[in-house]
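Summary of structural features
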Amino acid sequence: MVTPVIDTHAHIVPPDMYKALRSNAAGYGVSFSGDAARPLVQLAGSSYVRPLPLFLTHLDERIATMDRQGIDMQILTGWVDFSAYTMPRDLGIKFSELQNEAIAAVAASNPDRFAGAANVPLQDPKAAIAVLQTCADKYGFSAAQIATYLGPDRFLDDPALDPFWAAAQEMGTFLIFHPYDEQRPAGLQDYFLHNCIGYPLQTTIAVVRMMFSGVFDRFPKLRIKVPHAGGFLPYQIERFRHAAEFRPEPRSKGFRGDPLEVLRRLYFDTVTFSPVTLRYLIDLVGVERLVLGSDYPFEMGEVDPVATVNAAVAAEHRPAVLGGTIQKMMCLSPACGCGGRRLTPLLCE
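Every chain is numbered independently, its residues counted from 1 as its sequence is written. Residues qualify for local features only when their pLDDT is at least 70, as the model is predicted, and side-chain atom pairs are given and counted only at 80 or more; totals for whole chains, interfaces and linings, by contrast, use all residues. Excluded from the side-chain calculation are hydrogens and water; included are all heavy atoms of the structure.

Points about the overall build of the protein chain
What the protein chain contains, in helices and strands, is 13 helices and 14 strands. In terms of overall dimensions, the protein chain is globule-like: its C-alpha atoms have a radius of gyration of 19 Å, near the 20 Å expected for 349 residues. Reported as C-alpha extents along the three principal axes, the dimensions of the protein chain are approximately 55 × 50 × 45 Å. A 1.4 Å probe rolled over the protein chains alone gives each residue an accessible area, and that area as a share of the maximum for its type sets the label: buried under 20%, exposed over 50%, partly exposed in between. Within the protein chain, the fraction of its 349 residues that count as buried is 57%. A total of about 14,700 Å² of accessible surface is found on the protein chain, and carbon and sulfur atoms cover 56% of it. The helix count covers DSSP runs of H or I at least four residues long, the strand count covers runs of E at least two residues long, and both are numbered beginning at the N terminus. Atoms considered for the radius of gyration are the C-alpha atoms alone. The globule rule reads 2.2 Å times the number of residues to the power 0.38. All accessible areas in this document rest on Shrake-Rupley with a 1.4 Å probe, and a residue is counted as covered only by the protein chains that are shown.

A look at the packing of aromatic side chains
Aromatic contacts are taken between Phe, Tyr and Trp rings whose centres are within 6.5 Å, Trp giving its six-membered ring; a plane angle under 30 degrees counts as stacked, one over 60 as edge-to-face, and the others as tilted. With the rule as written, the count across this model stands at 11 aromatic pairs. A ring pair is formed by Trp 165 and Phe 177, whose centres lie 6.3 Å apart and whose planes are at 40°; its orientation type is tilted. Linking Trp 165 in helix α5 (residues 162–171) with Phe 177 in strand β11 (residues 174–178), this pair joins segments that are 12 residues apart in sequence. Phe 177 carries the same exposure label as Trp 165, and that label is buried. Taking the centre distance of 6.3 Å and the plane angle of 70° together, the rings of Phe 174 and Tyr 267 count as edge-to-face. In this pair, Phe 174 sits in strand β11 while Tyr 267 sits in strand β13 (residues 267–269), placing the two residues 93 residues apart along the sequence. Taken individually, Phe 174 and Tyr 267 each receive the classification buried, so the pair is uniform in this respect.

Brief notes about empty space enclosed by the protein
Lining residues are defined by having an atom within 4 Å of a point belonging to a cavity or pocket. Those points lie on a 1 Å grid over the protein atoms alone, cavities being sets where a 1.4 Å probe fits but cannot get out and pockets being open sets with protein on both sides within 12 Å along at least five of seven lines. Grid points are joined across faces, edges and corners, and a volume is the space filled by probe spheres set on the points. Per the counting criterion, the structure on display carries two cavities of 30 Å³ or more. By volume, the largest cavity amounts to about 50 Å³. Every residue lining the largest cavity is listed: Phe 216, Phe 219, Pro 220, Lys 221, Leu 222, Ile 224, Val 262, Arg 265 and Leu 266. Of the pockets and cavities examined, the second largest cavity occupies roughly 40 Å³.

Observations regarding unusual backbone geometry
Along the chain, Tyr 296 connects to Pro 297 via a cis peptide bond; the corresponding omega equals 5°. As for its placement among the helices and strands, Pro 297 is situated in the loop between β14 (290–291) and α12 (305–312). Look at Ala 84: it is not a glycine, yet its phi comes out positive at around 65°. A positive phi angle is found at Asp 295, which is not glycine, with a value near 65°. Here Asp 295 is to be found in the loop between β14 and α12. Classification of Asp 295 as buried rests on a relative accessible area of 6%.

Side note on the nonpolar core
One finds Leu 122, Ile 146, Leu 156 and Trp 165 to be the most contacted residues of the largest nonpolar core, which totals 74 residues. Residues belong to a common nonpolar core when they are buried Ala, Val, Leu, Ile, Met, Phe, Trp, Tyr or Cys residues joined through side-chain atoms within 4.5 Å. The next biggest cluster of nonpolar side chains, apart from the first, holds 19 residues, and it includes Ala 25, Ala 84, Met 87 and Leu 98.

A few points about the environment of Ala 243
Following the sequence through the fold, Ala 243 ends up in helix α9 (residues 237–246). Put simply, Ala 243 and Ala 320 are 77 residues apart on the chain and 34 Å apart in space, counted from C-alpha to C-alpha.

Digging into α12
Taken as a whole, α12 has its buried residues at Pro 305, Val 306, Thr 308, Val 309 and Ala 312. Projected down its long axis, α12 carries its buried residues within an arc of 160°, all on one side. The contact criterion used throughout is that any non-hydrogen atoms of two residues lie within 4.5 Å. Here the buried face of α12 lies against α2 (59–69), α11 (275–285) and α13 (318–329). Arc definition: directions from the helix axis to the C-beta atoms.

Topic: the pattern of salt bridges
A carboxyl oxygen of Asp or Glu within 4 Å of a side-chain nitrogen of Lys or Arg is what we treat as a salt bridge. Scanning all chains against the criterion turns up 14 salt bridges. Between Arg 38 and Asp 35 there is a salt bridge, with its nearest N and O atoms 3.1 Å apart. Among the residues examined, Asp 35 registers a relative accessible area of 34% and is labelled partly exposed. In this structure, a network of salt bridges that share partners links the residues Arg 50, Asp 81 and Glu 182.

Some points on the environment of Arg 184
Checked against the element boundaries, Arg 184 lands in the loop between β11 and α6 (193–196). Given the relative accessible area of 29%, Arg 184 is considered partly exposed. The spacing of Arg 184 and Tyr 48 is 136 residues in sequence and 9.4 Å in space, taken between C-alpha atoms. Excluding residues within four positions of it along the chain, Arg 184 makes contact with Tyr 48, Gln 189 and His 194.

Thoughts on the packing of helix α3 (residues 89–109) against helix α4 (residues 125–139)
If you want to describe how two helices pack, look at the angle between their axes and the distance between the axes. Structural elements are reduced to axes, namely lines fitted to C-alpha atoms, with helices fitted over the stretch in contact, and the angle between N-to-C directions of any two is expressed from 0 to 180 degrees. At a minimum axis distance of 11 Å, the contact between α3 and α4 shows a crossing angle of 20°. One way to sum up the angle between α3 and α4 is to call them roughly parallel. The way α3 lies across α4 gives a crossing that is right-handed. Residue-level contacts link Arg 89, Ile 93, Ser 96, Asn 100, Glu 101 and Ala 104 of α3 to Ala 127, Val 131, Cys 135 and Tyr 139 of α4. Only Asp, Glu, Lys and Arg are considered charged, only Ala, Val, Leu, Ile, Met, Phe, Trp, Tyr, Cys and Pro nonpolar, and every remaining residue, Gly among them, polar. Taken together, the residues of the contact of α3 with α4 break down into six nonpolar, two polar and two charged. Any angle between 65 and 115 degrees counts as roughly perpendicular, while under 35 counts as roughly parallel, over 145 as roughly antiparallel, and the rest as oblique. Crossing chirality is assigned from the near helix's rotation relative to the far helix, an anticlockwise turn below a right angle marking it left-handed and a clockwise turn marking it right-handed.

Examining the pairing of strand β1 (residues 6–12)
For β1, the buried fraction is high: seven of the seven residues fall into the buried class. Here five bridges tie β1 to strand β5 (residues 73–78), and the two strands are oriented parallel to one another. Considered in β5, the bridge of Ile 6 is made with Met 73. Any two strands with at least two DSSP-identified bridges between them are counted as paired.

Right under this line is the structure:
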């Protein structure tokens, strides 16, 4: 059986979700401005007004691009700006439920090409667990997207999130991390630096805070994929190892491990634009930790993601990186029999 090519880094605003938001914006905690061709959107609890890229809603163009790139299936994650962590609890639940239902509908309409990933209201961990479980039971989702911070002073190492990490570990959920803008930091307002520097930096901050706070020690079987080949983390890992050896702060909350060992328990997508960079990452963490990504449909995505993998990965390992590894983790093979629902968690492989 030929292993399918599966893209683990693809974003969507489902057309049905966009229609629902337009028809009942206030009911979902959203306000629109701008015009129909270039809408601006603001979420409840946020002061940030952001453009909503309408190309995220275009399904026909998505399929055409997948065919051109040689991609058989996308794991559909929402537009990360729609994580909606700034919303009050009840609105956040309602917004997540709308998004998840709409993603599930797209996946169900073409199950050979799409699988869904949940959005969860992480601002309330108990609610996030309930939404995650509902998505697994109702839609068969075995993945969820997690934005890299919850607010200016609340990050993924917040101890209040421990019950969520415990539930995700128990369920075997594939957690797809992704940075986003709530407010652009000083110095990154110009030259598209909020993306070029800010996004890899956000990813690095999120993972290292979790590392040094002991999250990965408490939940060693978490399945986490970090985007853009790990942000800056793999390429500065020796700096973090040095700090952990010579400074007290990284060990102040009980972390006793090796940052490199923690790094090698994560998964990384292949969005590097460079076979040279990808080969370095393979040498550092092992080829078994890589999964294909494109960052579709954004201009900062890989134009030919399969070619990048083919140029960097030895032929015998390409099927796993291009789709085999994620197919097993998310139970996407018809031969599994669970339909992606992971009826026996962690044993479907």
